[in-house]
Amino acid sequence: MFTTHDNRNHLLPLVREQLDRWIADPKGWDPHALRENRWTTIGEDVRALLLQHEGQDGSASTRVRIVETKSDGRWITQLTVHSPNARERAAWAWVDIESPDPDGEDPRSRPRRAGTPRFLAPTLEIVDAWDGAARLTTRPIVIRGDEVDEVYRALIDTERRGVVFVAGNDGSLPSVPWTNRIANLTRFTIGVASCFVLDGDATQLLNDRLGQAHAVLPGRLRTYRSQVQPDSVVDGLRHRVLSAERIADDSEQPRLARVLASSAQLQALEQPLPASVARVHRMLERIADDMLVNRLGDVGSKRVSLVPSQPRAAAVETRESDRRQDDVNTQQDMLLDYLKIKVGIDELTVDRIDEVVRLIEVGRSSQEAQEDIASRLAQLQAELDETQKAYRDVKWQLEDEQLENRDAVDLLTRSEETVRTLRRRLASMGQAEVAWTAQPSEKDVTRPDSFGELLRWLPKLTHVVFSGDPDPAEDLDSNDPLGAWASKTWDALLVLQDYAAAKADGRWDRDVHGFLENTPDGCHEWPTRRHARDESEEVRTNPAYWRRRVLPVPTSVVQAGTTFMGAHFKIAQFAMISPRMHYYDDTAQSGRIYVGYIGRHLPTGQTN
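So, how was this worked out
Residues numbered from 1 in each chain as written. Predicted model: local features only at pLDDT ≥ 70, side-chain atom pairs only at ≥ 80, totals over all residues. Heavy atoms only, no water. Helix = DSSP H or I, 4+ residues; strand = E, 2+ residues; numbered from the N terminus. Contact = heavy atoms within 4.5 Å. Areas by Shrake-Rupley, 256 points an atom, 1.4 Å probe, with all protein chains shown as cover. Patch = residues over 30% accessible without salt bridge, like charges linked within 9 Å, V, L, I, M, F, W, Y side chains within 5 Å. Salt bridge = Lys/Arg side-chain N within 4 Å of Asp/Glu carboxyl O. Lys, Arg positive; Asp, Glu negative; His and termini not counted. Charge placed at Lys NZ, Arg CZ, Asp CG, Glu CD. Buried < 20%, exposed > 50% of the residue type's maximum accessible area, 1.4 Å probe, protein only. Expected span 1.5 Å × (residues − 1). Core = buried A, V, L, I, M, F, W, Y, C linked by side-chain atoms within 4.5 Å. Pairing = 2+ DSSP bridges. Axes fitted to C-alpha atoms, helices over the stretch in contact; angles between N-to-C directions. Parallel < 35°, antiparallel > 145°, perpendicular 65-115°, else oblique. Left-handed = near helix turned anticlockwise from the far one by under 90°. Nonpolar A, V, L, I, M, F, W, Y, C, P; charged D, E, K, R; others polar. Phe/Tyr/Trp six-rings, centres within 6.5 Å; stacked < 30°, edge-to-face > 60°. Polar contact = N/O pair within 3.5 Å; in protein donor to acceptor, adjacent residues only side chain to side chain.

Asks: Sorry if this is basic, but what is going on with the overall build of the chain here?
Replies: In terms of helices and strands, the chain carries 18 helices and 20 strands. Of the contacts made within the chain by residues no fewer than 6 positions apart, 62% connect residues no fewer than 24 positions apart. Of the roughly 32600 Å² of accessible surface on the chain, 50% is carried by carbon and sulfur atoms.

As structure tokens, this is what we get:
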């Protein structure tokens, strides 16, 4: 969604021109088939509705809704444009894409992310578009020196709905290649996010104003969500930082572009519509619904008869032979008898025939209207189902978050009590200074803030190898905005690292679960209730479930290249997602642990 002041009087024709071009090419549909306030067919399995409304205050609203039926379900593209009469108010355009739900059988299947419609980019090239105080463009905006005021205004603007990407520099990165790399990373966010690339001076000036918690460092890309609060250190956790190493890694570019697009889309979807936009939306929905109901039985003006009304006998040509006259009379008598029974017509005149034809047209129109109404009801039912599902999910997630929070508080309380106890003992032994000044090293307390970072950190672990697909892990980032799950997963990996190291040097000879029950001194700990030695009987005996847990390992470990991984760490409890980490303990042979899966909870009877 974007607003514009400069193009407020010409927004509709500008946007419609680009939309019609998109409909015609590459879609190959017919934009001329659109009819005001009617559902029409514009292509094979494609129906479209054009709504136009002029308000009493002089405002004008237009909506085009396109419903495309494909093999995977219905795709709905909806464009709404509103031009208020008051000059001080901006015109706005809103593009909404609804994609079919993914196949829910496999938690690892990704939701179908709708791409940016092709008509949006050329629209932004010719329209001065804004998201609050943030400019929407098709390329990153290069900011130099004191131009940084624009970036700061965009970040703190409370009316901004989308994310703002900001790339930092210190003068060591060549401007053009650096800008092109950022443009490539954000290429799928056109229309839903703003992007700024700062030079060295602008980076320093912005960081001076934002403070350390919200700063963007040189060579990094930071995603600023809405409602930035520079005076809150805790708020800085909401705004993710993409590391220089990942940005510089060419192999990461496609995955990062998808991750950034997902982040931008989710941010836009989470934001409520502005009140003025919601009012226009409700009005147009009412108009569309009333139009469908009123179409039942409405075929427009009555057909014009080309033959004057006359009795059937007068219509018979006298020059025809008697035999033919008898045949005609017989057929007409049979037709009249049929119409008497079915329609109640006593005399067959042209007017009567026109009436029958009109009734046929009414029936056909009503059938078409019923089909459109059925489609609309299906859409409303889908929206209702989605709303109810979202409510259930939020309620479920809240309960899980409360449990997770209580568990974290208990763990923190025990840890603080342990620290106090150890300090008292050290003090009693004359080591008070050590007790109160010793601090852990930075590397011991640093945790990855995303699963993308976690995957890059994994090679640091000499005894743990990730052998799975990275995509399910990175997909968790969209539901883990603060990186809490990634941090917990790293803790579980450190436990496995310590376990394998302890077995390698002879300090431990039991399995992982025993290690968690009696963790040796100096090793990372993990609650035993959040670990499973194996899957349940239900999973191990149901092929639909256990096959999901047959995961990759090197052929040097298992010749087939895959093995069943029932052992897993329960990273967090979060409704249907509840991330898990499955692994294979090969310390008896190779001395390593192979992690075959990090992602959403794999299917069971409960998750399905």
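Asks: Would you take a moment to explain a positive patch on the surface for this structure?
Replies: Among the surface-exposed residues, R89, R279, R282 and R286 lie close enough to one another that they form a single positively charged patch. Locating R282 in the fold gives a position in helix α8 (residues 275-295). Owing to a relative accessible area of 45%, R282 belongs among the partly exposed residues under this scheme.

Asks: Mind showing me how you'd approach helix α7 (residues 253-270) here?
Replies: Helical geometry note: an α-helix holds 3.6 residues per turn, so side chains three or four residues apart project in the same direction. In a regular helix each residue adds 1.5 Å, so 18 residues correspond to 26 Å; α7 covers 26 Å between its end C-alpha atoms and thus fits that length. Taken residue by residue, α7 has Q253, L256, A257, L260, A261, S262, A264, Q265, L266 and Q267 as its buried positions. Contacts made by the buried residues of α7 are with β10 (163-167), α4 (175-185), β11 (193-198), β12 (221-224), β13 (241-242) and α6 (244-248).

Asks: Which parts of the structure should I look at to understand helix α15 (residues 484-504)?
Replies: Over its 21 residues, α15 runs 30 Å from end to end, which matches the ideal 30 Å to within 8%, given 1.5 Å per residue. With 15 of 21 residues buried, α15 lies mostly within the body of the structure. Looking one or two places after α15, you find G506, whose phi comes out positive at around 80 degrees.

Asks: Would you take a moment to explain the nonpolar core for this structure?
Replies: Most often, soluble globular proteins have nonpolar side chains that are buried together. Of all hydrophobic cores here, the largest spans 38 residues; its most connected members are L493, L496, F569, M581, V595 and I598. Sorting the residues of this core by element identifies α13 (451-457), β14 (464-466), α15, α16 (512-517), β19 (580-586) and β20 (592-599) as the ones contributing at least two each. Filtering out sequence-adjacent residues up to four positions away, L496 remains in contact with V464, V512, F569, M581, Y583, I593 and V595. Core analysis: the next-biggest nonpolar cluster, separate from the first, contains 26 residues, W22, A91, L124 and I190 among them.

Asks: Sorry, what's going on with the pattern of salt bridges here?
Replies: A pair can form between side chains of opposite charge whenever their charged atoms are brought close. One pass over the full model with this rule turns up 26 salt bridges. A salt bridge links E474 to R255; the shortest N-O distance between them is 3.2 Å. Of this pair, E474 sits in helix α14 (residues 470-475) while R255 sits in helix α7, and the two are 219 residues apart along the sequence. Classification of E474 as buried rests on a relative accessible area of 4%. The residue E517 makes a salt bridge to R510 at a minimum N-O spacing of 3.6 Å. By relative accessible area, R510 is classed as partly exposed at 38%.

Asks: Mind showing me how you'd approach the sheet that holds strand β15 (residues 531-532) here?
Replies: Either a parallel or an antiparallel arrangement is found when strands of a sheet pair, and the pairing is made through backbone hydrogen bonds. An order of β14-β20-β19-β18-β15 is seen for the 5 strands of this open sheet, with the pairing classed as mixed. The sheet is open, and its two edges are formed by β14 and β15, each paired on a single side.

Asks: Where do I start with the packing of helix α3 (residues 148-156) against helix α5 (residues 200-210) in this structure?
Replies: In a packed pair of helices, the relevant descriptors are the angle between the two axes and the axis-to-axis distance. Where α3 meets α5, the axes come as close as 9 Å, and the angle between the chain directions of the two elements is 40 degrees. It follows from the interaxial angle that α3 and α5 lie oblique. In the packing of α3 onto α5, the handedness of the crossing is right-handed. Contacts between α3 and α5 involve V148, D149, V151, Y152 and L155 on the former and, on the latter, A202, L205, L206, R209 and L210. For the contact of α3 with α5, a count of residues per class yields 8 nonpolar, no polar and 2 charged.

Asks: How should I be thinking about the environment of M576 in this particular structure?
Replies: You can see M576 is positioned in the loop between β18 (568-570) and β19. With a relative accessible area of 31%, M576 lands in the partly exposed category. Sequence separation between M576 and H601 is 25 residues, and the spatial gap between their C-alpha atoms is 7.1 Å.

Asks: Can you help me understand the environment of V465 in this one?
Replies: Along the chain, V465 falls in strand β14. Note on V465: relative accessible area 25%, which makes it partly exposed. Considering only alpha carbons, one finds V465 and G596, 131 residues apart in sequence, at a separation of 8.7 Å. Those residues in contact with V465 that lie beyond four places of it in its chain are R592, I593, Y594 and V595.

Asks: Just to check I follow, could you spell out the packing of aromatic side chains for this structure?
Replies: Aromatic ring pairs are reported here in terms of the distance separating the ring centres and the angle at which the planes meet. Under the counting rule described, the total for this entry stands at 8 aromatic pairs. Centre to centre, the rings of W457 and W490 are 5.4 Å apart; their planes meet at 85 degrees, and the pair counts as edge-to-face. Taken together, the residues W457 in helix α13 and W490 in helix α15 connect sequence positions 33 residues apart. For W457, a relative accessible area of 16% puts it in the buried group. A residue is classified by how much of its surface remains accessible, and W490, at 5% relative accessible area, is buried.

Asks: What exactly am I supposed to notice about the side chain of Q18 here?
Replies: By secondary structure assignment, the location of Q18 is in helix α1 (residues 11-24). Q18 gets classed as buried once you look at its relative accessible area, which sits at 10%. What Q18 contacts, discounting residues up to four positions off in sequence, is F119, P122, T123 and I126.

Asks: Help me understand the side chain of N7, please; the structure alone is not making it clear to me.
Replies: Mapped onto the fold, N7 is located in the loop between β1 (2-4) and α1. Accessibility expressed as a relative area gives 15% for N7, which makes it buried. Looking at N7, its side chain comes within polar contact range of the main-chain nitrogen of D128, at 2.9 Å. Contacts of N7, omitting those with residues within four sequence positions, involve L14, I126, V127 and D128.

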